[in-house]
Each structure stands twice: as structure tokens, then as C-alpha cells.
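Read off the chains here:
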Amino acid sequence: MRLDASTLARIQFAFTVSFHIIFPTISIGLASFLAVMEGLWLKTKEEVYLQIYRFWLNIFAMAFGVGVVTGLVLSFEFGLGFSRFAQIAGPAIGPLIAYEVLTAFFLEAGFLGIMLFGFHRVGPRLHFLATCLVASGTVISASWILAANSWMQTPSGIKVKDGHIEVVHWLHVVMNPSWGVRLPHMISAAYLTACFLVSGVGAHYLLQGRYPVFARKSVAIGTTFATVLIAGQVFIGDILYGTMLKHQPSKMQAAEGFWETKSESPAPYYWVIVPDQQHQRNRFAFGTPYLGSIWLTHSLNGTVEGLRNTPRNQQPIMGMVFYGFRIMYCTAMAMFAVGISSLWLRWKGRLFTSPWFLRILVLMTPSGLVATLAGWYLAETGRQPWVIFGILKTVDAISPVPAQVLLSSLIAFVCIYSVFMGAFLYFTLGLIQRGPKDESTEANSSGSLKNAFQSKILARVFDTSATGRR
Amino acid sequence: MDLPLLSACFAALALTLYGLLDGFDLGVGTLLLLQRCDSSRDHTIDSITPTWDGNETWLVMTGITLFTAFPIAYAILMPAFYLPLIIMLLALGVRGVAFEFRVQMSRYRRRWDLAFGIGSVVTSYMQGLILGGLLQGVAITNGEFSGTVFDAFRPLPLLTGVIVVVGYSMLGSGWLYLKGNAEILHFSLKSLRIGTPAFLLLLSLGGLYAASIQPGIRMAWVLHPVSLPGLAVLMILAGGFLTLFPRSVNAIVPLILGFAVILFGMTSVALIVFPNIIPFRLTLWDAAAGSASQTFLLVGAIFVTPIILAYSAFAYWIFRGRTPENGWVE
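A quick note: this is a predicted structure, and the numbers were derived from the prediction, not measured.

Thresholds applied
- Residues numbered from 1 in each chain as written.
- Chains lettered and ligands numbered in written order.
- Predicted model: local features only at pLDDT ≥ 70, side-chain atom pairs only at ≥ 80, totals over all residues.
- Helix = DSSP H or I, 4+ residues; strand = E, 2+ residues; numbered from the N terminus.
- Rg over C-alpha atoms; globule rule 2.2 N^0.38 Å.
- Buried ≥ 20, exposed ≤ 12 C-beta atoms within 10 Å, placed from the backbone.
- Contact = placed C-beta atoms within 7 Å.
- Nonpolar A, V, L, I, M, F, W, Y, C, P; charged D, E, K, R; others polar.
- Pairing = 2+ DSSP bridges.
- Axes fitted to C-alpha atoms, helices over the stretch in contact; angles between N-to-C directions.
- Parallel < 35°, antiparallel > 145°, perpendicular 65-115°, else oblique.
- Left-handed = near helix turned anticlockwise from the far one by under 90°.

This brings us to the overall build of chain B. Broken down by element type, chain B carries twelve helices and four strands. Its C-alpha radius of gyration of 20 Å places chain B within 12% of the 20 Å reference for a compact globule of 330 residues. For the C-alpha atoms alone, the extent of chain B along its principal axes is close to 55 × 40 × 35 Å. Classification of the 330 residues of chain B by burial places 55% in the buried group. Long-range contacts, defined here as pairs at least 24 residues apart, represent 78% of the contacts in chain B between residues at least 6 apart.

Following this line, the structure appears as C-alpha cells:
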């Protein structure tokens, strides 16, 4: 692989966007989780909910912070690395991102301060409202950005006139064929991520015998939601498979690992392949016989289309697409197994006391992130060589920036983002190690923190300003 | 209706709000480097923690408005200012995470503070560099950027970088005068007394130098023989009052005067640049996207912006008054 400007621009975008998506996935999931926790606390006044809220609020704040600053980079990177894409696609996806800023970013930013620092400044209801608004902001944000990305996957509502894109129907641009399926797929992925983070931390404490009340609640809530969500996710994933097969056959051809125009009958389901793109074949392939036919065609001897159905200059790189898909799929199956086991253990009354299950939960803590990243690799590498599917190729979209400059900025991103990730992990693991704080000293059961604290603050403020004037 | 003009007005509004609001945030970060005592540093950062995120969002709004309504300009400017933009984004990143990470530890908190301060200075400087580079002129051939990435590092941009750092610090001092405790109040007063005249002096130097190398600026003075000198006089008046204001005035006055100085400056630049979107090179109509995109953007902008301004003001209202001595979370 030559490190020319186009390759470097792609690596830089891939790196920065992969890094970024980790954090919104956490914050979309945790924001809604926090809203549920605060709601339950307001309703039941059980201390443990407030304890869970406060504990995850800290981690949410860090994830949100990293998400904001790495997302800011992306809004400029459309033009920094891919100015020809920006010029052509700006009129179509620009407004979608503008609406994301208008309806989501400001909303999150406006109420995040109250959510994080307003405990003693506003009443509990207004605080809960702030949490809910931040949570809806994350979902609205996901809706717009998924609309923009889905439009790049399945463009519609436009006409191309001498190299420029003109919008004909906004409704078709926003509600393009894949948006309606990819959005719930991503939101569920983010929620599942939060579920496994929460239950993983709970299981960790149960294994250590620390914070039993907090830990049991975390495992109970995490596994319940995870079970419901993974069942839905498998269903949504199946619909999405059909949608992409219809609109982007090349992606699904690459995702299954077959090269021949028609696979053998019955088709195996491949688990490991060593593809040889140049000779359009697999050097090595290992799979389960019959399973491909059964899963993909719902018959015993159906055949599957291979990547040779797509002209060579329009093929994605099979290895990336295939493994993105397999990693996501296998993680999802593991989640499904965890969901089923949790139901069974709950029925047997051993959800909190089976060490093997708790160890699996600890192991599965980052599973949501692994599946989400792998899924995005499937989506984005499978779209190649197109940046806007069927309209603009990625190599034709890059900026007139020299390769050396791109290389130095890439190195800078890798260095600085490594520090971000290192610090995030260090502090998050530190918070988990330290454990949740005891809330009994901090909250009173009446739920109104406002009156108790505000007079104190006002007195102090008054005092400070008085000394300031002297 | 002249849609590109309306979109340009919205972009200008977003940029103005960004310059004023994140201007004081960045200035506060710069001033952090000048403070000697740890408790003052904590207090200084606490003053902006609950509200900084919304201020920075106006930068995204500006960028995305350019991307949406003027994709041709966006596609020229991003590669043209590749280095300053990348450095600015990384510096903003360092600064943003420092907010979250510094509170997680007490041992190395001062290192995060240093990162926060340097990130703020570098961000401000890069924004000034971009402003100077725009006024100096961007090389364009056949609708594409045709200069080198180092074009932005010429004498005028290097000077405007300093001007922006000092200007933002002036706003930051105004903010700290409003929010800080006694010690910070003393510090911000000193920094206003020194910083404001320094800013005006640097700005005059920069203005003269820019006019000497850029005929487009001299032309603008001929085209606006009343408004440009008028704005200059207003700026000097506001700046003079900001340097010499008596301590009996309301604590918010310095911040408002700072806003006025910067606003007059930004209006002058707007007068010089208009009707171009890339100064002296490309008009906003030549860079505009089709009317369908403009309309869709503007509908959202017109209906949603007032709501944003309302709840942003509400957030400031919640955290009104002087910053509590031990921060917002006890």
C-alpha cells in the first residue's frame, strides 16, 4: 500500500471517526440510562438509584467531553481531508448536520451544565428535566448524523447535474431507504453498550463482594434491558441485512466471504477466510457446511451471490468487510447467550450468585463497543470504493493537501488521541476501583436539595462579592 | 428573496456569537497561565465549567453553515487553512478534555491546567492566523485552493494571531471581573488596565500593516468613508472606558464593554469583506449552494435559533452570580 495523499486522508478519517464513535456510543447509552435512574430515584426515593446515577454521571461526563472535542474535528474534516466531497455533498448532507447542531448539540450543551453542576442550584424536577433533555439530545443527534451517513450509503432525493448535486426532495434525502433501519440499529447498539458497561461493573463488585446493593441493582437492570434489546437488535439486524442486500449488494457479497458468482450448493457459512483480492478467490476458508444456505437463504441447498458479481473497480476490500461483519455478529450472539442465561438464572434465583455468569459479564463489559465499531467497519468499508454510493468515489473526493502534511497531522492525531484514551481509561478504571460514594450523607429523603443548599451558596456568594468590593 | 445573503447573515451571527462567547472562555484559559496560586486557578476554571460547551458549539454552527450554504468556499478554505485548523482542533481537544480530567485528580491537576492554558492560547492564536490569512488573500485557481499550506504563516497572520489572543484575554478579564472572588477581581482589573490599551495598540498596528499590503482594505476605506472611521472611533471610546472605568460601576460593565470593542472590530472586518465570502476573491453568491439547501437551512435557523438563545440564557441564569468558592459541586 502506497502512502499517497488519498490513502493518508482515508486513514486519518478512519482513525479519527473510529476513535470518536466510541464516546458517543457510550454517552447515548449512558444518558438514557441516567435519565431512567434519576426517574426511578424521584419515584421511589430509593438511595441506590441516586448512587448509581452519581457514579455513572462522572463517567458520562468524561465520555461526553471526549466525544464533543473529537466530534468537532469531524465537522471540519469533511473539508480538511475531502474537500471535493464537501463541495459536492455539502448541499445535501450539510443541512442535516446543521439541523443536528441546531436541534441536538445546543440542547445537550445547554442542559449538560445543569445536569453536571446544577444539583444544588435547581430543584429535583428541573434537574431530571435537564437529564431527559440531554438524553433526548443524544438521540436527536444520532438521528441526524445517521440520516447523513445513510444518505451516503443509499443516496436518494437528489439529481446530479454537471458534477453538482441538487436536492429534489428533502424528505427523501432524510428518510433515505436505509435510515429507518440503521437508526434503531445504532440506538440499540448504544443502549446495549450501556447495559453491558453497567452490568459488567456490577458483576465486578459482586465478585469482589463490594457494594452489594449497588451491584445487584446494576446487574439486574443491565441484564434485563440487555435481554430485551438484544432480541430486538437481532430482528433489526435481519431487516437491515435485507435492506443492504437490495441497495448495496457488493457490501453483502463481501460480508459473506464468497467470490464465485454463485456459491456452491449447499453453501457453507464461513467463519475464517484468507481472501486474495487480486486473484478473486479465498486462499483459505473455514466454515460450517449447510449453515450458509440455512441462514442466508432459509433453505437446505440455496446458493449465495459472491463478490465477482460486482465489477472489480467497484468492489470493496473483502477482508475488512467480512471481519467487520463476523466480529459484530459473533459479539451479538454472545450477547444473546448472556441474555438467555440471565433469564434462566433469574428464574432459578441465582442471577447474583453464579460466579461463572458474573465473570462472563465482566468479560463482556466492553462488548457493546466492540460490536458497534465492527458494525461501522462493515458499513463504511463495505461502501468502498464509493464515498457516496454509486455517485462519488472516495479517491475522487480528497483535498489538494500534500501527503507529507497529511502524514504529520495523522501522527499528531494518533499521539494526542492516545493521551485522551489513556487518560479516559485511567480515570474510568480509577472511578470503578474507588467505587460509588455512599449517598446517605448527601441526599435527604424529601428529594429537595435546592432549599438545603441554595441559601448556603447565596450567603457565600454574597460574602465574596462584599469582600470584592471593599 | 436573496437566500445566500440570508445564509451569510446567519453564518455571521454564529461567528459573532462564537467570537464573543468562546472568546471569553478562551481568554479565561489564557489568563490561567498568568495566575500564581492554585486556588485561583481552580476558581478561574470553575467560572466557565457549566457553560463552556454551548459557547464552543457556535464554532461548529459556523463551520457547518459554511459547509451547507457555501460549499465552494468551504472546500477552498479547509485545505487552505489545513495546518492552523488541525492545530486549532487538537488544541481545542486538549483544552476540552482538560476540563473533565483535571477534576478527576488532585496530584497532577496543575499539569492539566497547563494543558488547558496552552490549549486556549494556541486555539486563539490559530483563529487569529486564519483571520490574517483571509485578509492577506487566499490563492485560488479554477475554483480550487492553489497555494501551499504554509501560506497562513506570513507576517500579517502571525500578527493577527497575537491580536486575537490579546483580544480574547480582554474578554476573559471582563468575565472574571464579573464572576471571580476578591483575588480574581484584583487580577482581572489589573489585566484589563494593561490588556485593553495593548489590544488597541496592536490592532491599530495590524490594521495599518494590513492596509499597506492589501489593496482591498484600502479600497474598503474609500467605499465606507463614514462607517469604518466611525467604528474605529467607537472602538477607541469603548476601549478607553474599559481601561479607565471606575470601580463603582456594575460588575457586568467591563464584560459588556469588551463585547462592544470586539463587536465593533468584527463589524469593521465584515464591512471590509462584504460582499465576498473569501475576502477579495470570491463573492458569497458565487460560492452558494442551490436554493433548496439554503431554504432548508434557513427555516431551521430562523425557528430554532431563538429557542437556543433562550435556553442558553437560562443556563447562564442558573449559574448566575459569583462562582462559589469551592466550585459548583460540593
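Next comes the rest of the write-up.
Time to look at the interface of chain B and chain A. Listed by partner, the interface residues are 62 residues for chain B and 61 residues for chain A. Considering each element in turn, the side of chain B that touches chain A owes the most residues, 14 residues, to helix α5 (residues 82-102) of chain B. Residues of the side of chain B that touches chain A, tallied by class, amount to 40 nonpolar, 16 polar and six charged.

Before going further, it helps to spend a moment on the environment of Glu-56 of chain B. With respect to the helices and strands, the residue Glu-56 of chain B is situated in helix α3 (residues 52-69). Placed 149 residues apart in sequence, Glu-56 of chain B and Leu-205 of chain B show a C-alpha to C-alpha distance of 29 Å.

With that out of the way, let us pick up unusual backbone geometry. The amide bond that connects Ser-265 of chain A to the next residue, Pro-266 of chain A, takes the cis arrangement and shows omega of -5°. Put simply, Phe-274 of chain B and Pro-275 of chain B share a cis peptide bond, and its omega is 5°. Relative to the helices and strands, Pro-275 of chain B is located in the loop between α11 (253-273) and β3 (276-278). Not every positive phi belongs to a glycine, and Lys-45 of chain A is a case in point at roughly 60°. Inspection of the secondary structure puts Lys-45 of chain A in the loop between α1 (5-44) and α2 (47-81). If you check the backbone angles, Tyr-211 of chain A has positive phi at about 40° while not being a glycine. The residue Tyr-211 of chain A is located in the loop between α6 (179-208) and α7 (212-247) in this model.

Residue and element names in this part refer to chain A. When strand β3 (residues 269-276) meets strand β4 (residues 281-288), the two strands line up antiparallel, connected through seven bridges. Each bridged residue has a counterpart across the sheet, and for Pro-275 the counterpart in β4 is Asn-282. Connecting the antiparallel pair β3 and β4 is a turn made up of four residues, with Gln-280 showing a positive phi of about 55°.

Residue and element names in this part refer to chain A. The geometry of helix α3 (residues 83-117) relative to helix α4 (residues 124-153) is characterised by a closest axis approach of 8 Å and an angle of 160° between their N-to-C directions. Compared by their axis directions, α3 and α4 come out roughly antiparallel. For the pair α3 and α4, the sense of crossing is left-handed. Within the contact of α3 with α4, the residues separate by chemical class into 21 nonpolar, six polar and two charged.

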